[in-house]
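Topology and contacts: notes
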Amino acid sequence: MEFPKWLFQRAEALDMHDIAEKVIESERLSAEDGQRLFECPDLPLVGLLADIVRRRKVGEKAFFNRNLRIDYTNICNKKCLFCAFDRLPGEPGGYVLDPQQIHDRVVEHLPFGITEVHMVGGINPRLPFSYYLDALRAIKSAAPDIHVKAFTAVEIAQIIKISKLTPEDTLFTLREAGLDSCPGGGAEVLSDRVHDELYPIKIGPQQWLEIQRLIHRCGLRSTATMLYGHIETRAERVEHMIQLRALQDETGGFLAFVPLAFHPENTEMSHLPPPSGVEDLRTIAISRLMLDNFDHIKAYWVMLTPKVAQVSLSFGADDLDGTVIHETIVHEAGAKTPLGLTVEELVHLIREAGKIPAERDSLYRIRRVWN
Ligand code: V47
């Protein structure tokens, strides 16, 4: 690809021309490159480089789907300091949705044309293996063709523990009950230091990666997240991306990367400021540049706000997740975003960003393009 002269001059002025050249030549960036990009004072330059990669991957399309969130329980014994959603077993305010309630919630939302249910919850030690299977079956009995994206690696670790089956057989049994793919939550920051400080009794980086490897080995796809903007360093963010990239080289099982902007309200870290819009855009752009083997970078509007998510479509992101009806985890932590966007609103956001709206299914097959 021809190197635009003005881009080269701009990069050269900041001693970033070697990175720009690597991007143009589709060469893999190193951890050191990632750190230099975080330190680069010219955010639009970083965004332009990310935009080159985005365009190469998906052209002018930007994706979304029609999805419903079901957070089946907020009871959790993991005491993560960044979480405002959890209630300890026995604490007031805890809930568990029974399979009938899950079924009814799906039925209630079928008129919205949902194609995916994204279902996660806390680590509730009182739930037996049969609960997880019944919850999946409840969704499929309401809508047999719906894609069920459920249970983060943290929940999968818990389900394996209680299932009395091998890890592989646990996954196969979940699949038989209706599991189609797994969401990417629970990764937080793949760093032992951050793990020890913020969520020491939840699975750590190596186990999270191991469970993802298992999910992919069992034939299921998944996503990967990173919770940024709290105590992690920029070097730790880069290290997180490098670890995901290595696993993706090995399995090819990740569909997308989803950077999650930390919301401090009502958490043990409420004294911290939330990440700024600039930090959001920079993190998204650098993830697009570092994760060369990921097809999609998701701008999760629920955490970013629809406005920042829209701008991020020019900074490396190509997907707005979806309608996300009824998210609760981050709304408990102070998110002021709506409890769902309509398809019309998503199409409008994407069009205004100069991109072509493409409704996708959960595996990124296109269902409709708004030309
Ligand atoms: O695992 C918890 C994070 C995740 C807070 O896979 C918080 O496509 C910000 O994983 N501030 C759940 N974040 C959401 C999630 C997700 C969302 C959208 C798409 C996908 C996907 C996955 O939210 C949790 C945790 O990492 N979280 N508390 C908080 N205060």
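Residues numbered from 1 in each chain as written. Predicted model: local features only at pLDDT ≥ 70, side-chain atom pairs only at ≥ 80, totals over all residues. Heavy atoms only, no water.

1. Concerning the site of the ligand
- Residues in close proximity to the ligand total 23 residues, the closest being Lys-149, Gly-184, Glu-188, Thr-223 and Lys-298.
- Contact distances for the ligand include 2.9 Å between a nitrogen atom and a backbone N or O atom of Phe-82.
- Between the ligand and Lys-298 there is a distance of 2.7 Å, counted from an oxygen atom to a side-chain nitrogen or oxygen.
- With the chains in place, 96% of the 610 Å² that the ligand exposes on its own is no longer accessible.
- More than half of the atoms belonging to the ligand lie within 2 Å of the grid points that define the largest cavity.
- Listing elements by their share of the shell around the ligand, those giving two or more residues are β6 (221-228) and β7 (254-261). (Near = heavy atom within 4 Å. Polar contact = N/O pair within 3.5 Å; in protein donor to acceptor, adjacent residues only side chain to side chain. Areas by Shrake-Rupley, 256 points an atom, 1.4 Å probe, with all protein chains shown as cover. 1 Å grid on protein atoms, 1.4 Å probe; cavity = no way out; pocket = protein on both sides within 12 Å on 5 of 7 lines; lining within 4 Å. Sits in = over half its atoms within 2 Å of the grid points. Helix = DSSP H or I, 4+ residues; strand = E, 2+ residues; numbered from the N terminus.)

2. Looking at the domain arrangement of the protein
- Assigned domains within the protein: domain 1 (5-54) and domain 2 (60-369).
- Relative placement of domain 1 and domain 2: their C-alpha centres are 29 Å apart.
- Each side of the interface is counted separately: domain 1 has 20 residues, and domain 2 has 29 residues.
- For the pairing of domain 1 and domain 2, the buried interface totals around 2000 Å² over both sides, and the portion due to carbon and sulfur atoms is 68%. (Domains from an automatic or database assignment. Contact = heavy atoms within 4.5 Å. Buried area = accessible area lost by both parts, 1.4 Å probe.)

3. Observations concerning the sheet that holds strand β10 (residues 356-360)
- A sheet is described by the order of its strands in space; here 4 strands give the open sequence β9-β1-β10-β11, paired in mixed fashion. Every interior strand has two partners, whereas the edge strands, β9 (319-322) and β11 (366-369), have only one. Strand-to-strand twist across the sheet, computed as the mean angle between neighbouring axes with direction ignored, equals 25°.
- Judged from the 4 bridges that link them, strand β1 (residues 61-65) and β10 form a sheet pairing that is parallel. Bridge pairing in β10 links Lys-61 to Ile-356.
- Against the sheet, helix α15 (residues 343-352) contacts β1, β9 and β10, and its axis sits at roughly 165° relative to β1. (Pairing = 2+ DSSP bridges. Axes fitted to C-alpha atoms, helices over the stretch in contact; angles between N-to-C directions.)

4. Examining the nonpolar core
- Ranked by size, the top nonpolar core spans 121 residues in total, and within it Ile-102, Met-119, Phe-151, Leu-174, Trp-208 and Leu-244 carry the most contacts.
- The element contributing the most residues to this core is helix α6 (residues 129-142), with 9 residues.
- Each residue touching Leu-174, except ones within four places of it in the same chain, is listed here: Phe-129, Tyr-132, Leu-133, Leu-136, Phe-151, Ile-156, Ile-159 and Leu-179.
- Judged by nonpolar contacts, the second largest core, of 6 residues, contains Phe-63, Leu-255, Ala-358 and Tyr-364. (Core = buried A, V, L, I, M, F, W, Y, C linked by side-chain atoms within 4.5 Å. Buried < 20%, exposed > 50% of the residue type's maximum accessible area, 1.4 Å probe, protein only.)

5. With respect to the pattern of salt bridges
- If you walk through the whole model with that rule in mind, you get 29 salt bridges.
- Between Glu-332 and Arg-87 there is a salt bridge; the shortest N-O distance is 3.2 Å. With a gap of 245 residues between them, Glu-332 in the loop between β9 and α15 and Arg-87 in the loop between β2 (67-71) and α5 (99-109) connect regions that are remote in the sequence.
- Take Glu-332: its relative accessible area is 32%, and that puts it in the partly exposed class.
- Where Arg-193 meets Glu-197, a salt bridge forms, and the shortest distance between an N and an O atom there is 3.3 Å. Here Arg-193 pairs with Glu-197, and both are found in helix α9 (residues 192-198), just 4 residues apart, close to one helical turn.
- On the basis of relative accessible area, Glu-197 is assigned to the partly exposed category, the value being 45%.
- Each of Asp-18, Lys-22, Asp-33 and Arg-36 takes part in salt bridges that share partners, so that together they form one network. (Salt bridge = Lys/Arg side-chain N within 4 Å of Asp/Glu carboxyl O.)

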